[in-house]
Amino acid sequence: MRAVLASASAGETEAIAARVAARLELGDVVTVSGELGSGKTTFVRGACRALGVTAPVTSPTFTIGHRYEGRIDVAHLDLYRYDGVSEADWGDLEPYFEGAVVFVEWPEAGRASLPPARIAVSIQHAGEDQRRIELTSAEAALLEDVE
Ligand SMILES: Nc1ncnc2c1ncn2[C@@H]1O[C@H](COP(=O)(O)OP(=O)(O)OP(=O)(O)O)[C@@H](O)[C@H]1O
Ligand SMILES: [Mg+2]
C-alpha cells in the first residue's frame, strides 16, 4: 500500500512525519530514502518531536547513529558512507535496534541486513521547496488517512 503526499515546506514535512510517527510502535523500523538535501533528516526531526524527543535532531556525521530519549526511544541511523553492512558493522548497528523506533537514512547499504521496514519513506525534490513524499507499507491500515 502506498500514500503519496505533497509538502511545500520543511515544516509541512515535519508535520507529515509527526502524523506517521504517531502510528509507530517500539521496534518499528522506518527507512527514509531520497537524494541529497531532499529532507530526510527534516522528516526524522518531525517524527522525533512527535515521539517526545526534545534534544536537537541532526544528521549523524561522526557516528553511524544517534539515540534520543523521548516518550519512546528513537534511534536515527545514517548509512550514507556505507557500501554494505559487514558483520562488524552490524555489531555497531545492532544496539540501536534494541528498545527503540528506528529511522534509517540512506538505507540502501543495509537492505540485506537490516530488519524489514514497517514503513518506507521516499522523498523527492519537486521544485524549490516542494517535495513529493511517498510512504509504502505492507499494512494498509498504517497509512490510512495519513494525508
Ligand atoms: N518541503 C520541504 N521538506 C523538507 N525540507 C525542505 C522542504 N523545503 C525546503 N527544505 C529544506 O531542505 C533541506 C533538507 O535538508 P535535510 O538535511 O533534511 O535533507 P537530507 O535529505 O537529510 O540531506 P542529506 O542527504 O544530506 O542527509 C533543509 O534545509 C530544509 O529546510
Ligand atoms: Mg540527512
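All values derive from a computational prediction rather than experimental measurement.

What counts and what doesn't
- Residues numbered from 1 in each chain as written.
- Chains lettered and ligands numbered in written order.
- Predicted model: local features only at pLDDT ≥ 70, side-chain atom pairs only at ≥ 80, totals over all residues.
- Helix = DSSP H or I, 4+ residues; strand = E, 2+ residues; numbered from the N terminus.
- Near = placed C-beta within 6 Å.
- Nonpolar A, V, L, I, M, F, W, Y, C, P; charged D, E, K, R; others polar.
- Expected span 1.5 Å × (residues − 1).
- Buried ≥ 20, exposed ≤ 12 C-beta atoms within 10 Å, placed from the backbone.
- Arc of directions from axis to C-beta.
- Contact = placed C-beta atoms within 7 Å.
- Pairing = 2+ DSSP bridges.
- Axes fitted to C-alpha atoms, helices over the stretch in contact; angles between N-to-C directions.
- Core = buried A, V, L, I, M, F, W, Y, C linked by C-beta atoms within 7 Å.

**Student:** Looking at this structure, how should I read the environment of Ala22?
**Tutor:** In this structure, Ala22 sits in the loop between α1 (10–21) and β2 (29–34). Separated by 25 residues in the primary sequence, Ala22 and Ala47 place their C-alpha atoms 8.1 Å from one another.

**Student:** It is not clear to me how the environment of Arg132 should be interpreted in this structure. Could you clarify?
**Tutor:** Mapped onto the elements of the fold, Arg132 is located in strand β7 (residues 131–136). A sequence separation of 30 residues divides Arg132 from Val102, and the C-alpha atoms of the two residues are 22 Å apart.

**Student:** Would you explain the site of ligand 1 in this entry?
**Tutor:** Neighbouring residues of ligand 1: 18 residues in total, closest Thr13, Gly39, Lys40, Thr41 and Thr42. Residue assignment for the shell around ligand 1 shows that the elements contributing at least two residues are α1 and α2 (40–50). Looking at the shell around ligand 1, its residues break down into three nonpolar, ten polar and five charged.

**Student:** What am I meant to see in α1 here?
**Tutor:** Counting along an α-helix, one turn takes 3.6 residues, and residues three or four places apart therefore face a common direction. Spanning twelve residues, α1 covers 16 Å between terminal C-alpha atoms, matching the ideal 16 Å at 1.5 Å per step. Burial in α1 covers these residues: Thr13, Glu14, Ile16, Ala17, Val20 and Ala21. Each buried residue of α1 sits inside an arc of 160° when the element is viewed along its axis, so together they form one side. On its buried face, α1 is in contact with β1 (2–7), α2, β6 (119–125) and β7.

**Student:** Explain the sheet that holds β6 here, please?
**Tutor:** Sheets are built from strands paired through backbone hydrogen bonds, the pairs being either parallel or antiparallel. Pairing within the open sheet is mixed, and its seven strands lie in the order β1-β7-β6-β2-β5-β4-β3. Of all the strands in the sheet, the pair left with one neighbour each is β1 and β3 (65–68). Within this sheet the neighbouring strands show an average axis-to-axis angle of 15°, counted without direction. Bridge analysis of β6 against β7 gives six bridges, and the strand direction is antiparallel. Bridged to Ala120 within β7 is Thr136.

**Student:** Explain α2 here, please?
**Tutor:** Judged by how many residues are buried, α2 sits mostly within the fold: nine of eleven residues are covered. Burial in α2 covers these residues: Lys40, Thr42, Phe43, Val44, Arg45, Gly46, Ala47, Cys48 and Ala50. Against the buried residues of α2 lie α1, β2, β3, β4 (74–78), β5 (101–105) and β6. A positive backbone phi angle near 90° is found at Gly52, which sits one or two residues after α2.

**Student:** Even after reading the chapter, I still don't get the nonpolar core, so can you show me in this structure?
**Tutor:** Nonpolar side chains tend toward joint burial in soluble globular proteins. Residues Ala47, Cys48, Leu51, Val74, Val102 and Val121 are the most contacted members of the largest nonpolar core, which totals 34 residues. Secondary-structure elements contributing two or more residues to this core are α1, β2, α2, β4, β5, β6 and β7. Per-element tally for this core: the top contributor is α2, with five residues.

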